[in-house]
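Observations on chain architecture
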Amino acid sequence: MFTPQRALAALLIAASSAAFAAFPEKPIRVVIGFPAGGPLDQHARLLSERLQAVLGQPVLIDYKSGAGGTVGAQEVMKAQPDGYTLMLANTGVMVINPALYSKLPYNTLRDFTPIARTAMQPLALLVNPKLPVKTLKEFVDYTRARPGQINYGSAGNGGISHLVPEMFKNATALFMVHIPYRGSAPAFTDLMGDQVQFMGESIPQAASYHKQGKVRALAVTSKERNPALPDIPTVIESGFKGFEVVGFYGFLAPAGLPKDVTAKLSDAFKQVMANPDIRNRMVTQGADPAFMGSEEFGQFLATETPRWAQAVKASGAKLD
């Protein structure tokens, strides 16, 4: 019997299907919490043109920089959960900031809907080429014999270039002294000048300096070797079992995004990431293609959040 209740249910299903089919009907805004010209901007620009073709609507990039990406994240958190405002964020914004800032206005797992992870960014562990070590194990032995005499540089307190060496230091029970800089450029300058002897930095900048002989790459922190440094082993290959730490990029929307819109956006990114040209160009930018759909990306964030919180706590870094 076709009751009024069944009629209402059929109407609701039809309305939902129509909305899903219609989305998107206007341009989509992608908010980045950093200035134009940086790695996230390059990633957004690379994907946006292809994403426009898949979705049939313009994709506009909006820069809302400040407080380590917090300003942009807060704006997206407050936006309507309709699929027309997305955030492209990195490891720092998603899983480091919640542990680093004592008064952070957002909670990644509560205030956002994961859409898609798009890239992973391993780091290279580097030394000054004058240091008498050729492998990561030799470096560990050399440093262990000289507690407190080896300095490692980073792009600043609480960033990934600080926390990854801190994780390695704790995993190997080494005593190294952290020297924070205001950005990676001055840190690299002092690494090449032997004011600091060790760094963990993202590829491809690290690969470029390594190939020029200005620094020596000992290992990469990903599970597999990196195409930019094919002859450099992973940390795991170097004898340090289970050490895999990589940064990542991903797209999120405000919490409460309807499941059908989430699915359509996630599938659109899946199509974009399947394009060989996009994947090849990502690698040249130093980002490894690493698609995850909405549900899997959410599970990934839930696992990564406590891991990075532990690293921040161990480092002693804290920002107001």
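Below is a summary of the structure that appears in this document.

Definitions and limits used
- Residues numbered from 1 in each chain as written.
- Predicted model: local features only at pLDDT ≥ 70, side-chain atom pairs only at ≥ 80, totals over all residues.
- Heavy atoms only, no water.
- Axes fitted to C-alpha atoms, helices over the stretch in contact; angles between N-to-C directions.
- Helix = DSSP H or I, 4+ residues; strand = E, 2+ residues; numbered from the N terminus.
- Parallel < 35°, antiparallel > 145°, perpendicular 65-115°, else oblique.
- Contact = heavy atoms within 4.5 Å.
- Buried < 20%, exposed > 50% of the residue type's maximum accessible area, 1.4 Å probe, protein only.
- Phe/Tyr/Trp six-rings, centres within 6.5 Å; stacked < 30°, edge-to-face > 60°.
- Lys NZ or Arg CZ within 6 Å of the ring centre and 35° of its normal.
- Pairing = 2+ DSSP bridges.
- Right-handed = clockwise from strand over helix to strand, strands pointing away.

Okay, the packing of helix α7 (residues 160-172) against helix α12 (residues 294-315) next. In the contact formed by α7 and α12, the axes pass within 9 Å of each other and the chain directions differ by 85 degrees. Relative to α12, α7 is oriented roughly perpendicular. Packed against α7, whose contacting residues are Ile160, His162, Leu163, Val164, Glu166, Met167 and Asn170, the element α12 presents Arg307, Trp308, Ala311, Val312, Ala314 and Ser315 at the interface.

This paragraph deals with the environment of Pro289. One can find Pro289 in strand β10 (residues 288-292). Assessed through its relative accessible area of 21%, Pro289 is described here as partly exposed. With 108 residues separating them in the primary sequence, Pro289 and Tyr181 have C-alpha atoms 29 Å apart. Aside from chain neighbours lying at most four places away, what touches Pro289 is Thr118, Met273, Arg279, Met282 and Val283.

Okay, the packing of aromatic side chains next. In total, this model carries nine aromatic pairs according to the counting rule given. Ring plane angle 80 degrees and centroid distance 4.9 Å describe the contact between Phe248 and Phe300, whose orientation is recorded as edge-to-face. Here the residue Phe248 occupies a position in strand β9 (residues 246-254), and Phe300 occupies one in helix α12, the gap between them amounting to 52 residues. Here Phe248 matches Phe300 in class, with each residue buried. Members of the aromatic cluster, connected to one another through ring pairs, are Phe139, Phe168, Phe198, Phe240 and Phe243. Against the face of Tyr84 rests Lys26, its NZ or CZ located 4.8 Å from the ring centre.

Two strands pair when backbone bridges link them, and strand β5 (residues 151-154) and strand β6 (residues 177-180) are joined in this way by four bridges, in the parallel orientation. The residue bridging Gly153 from the neighbouring strand is Ile179, located in β6. In this view, the connection linking β5 to its parallel neighbour β6 by way of α7 has right-handed handedness.

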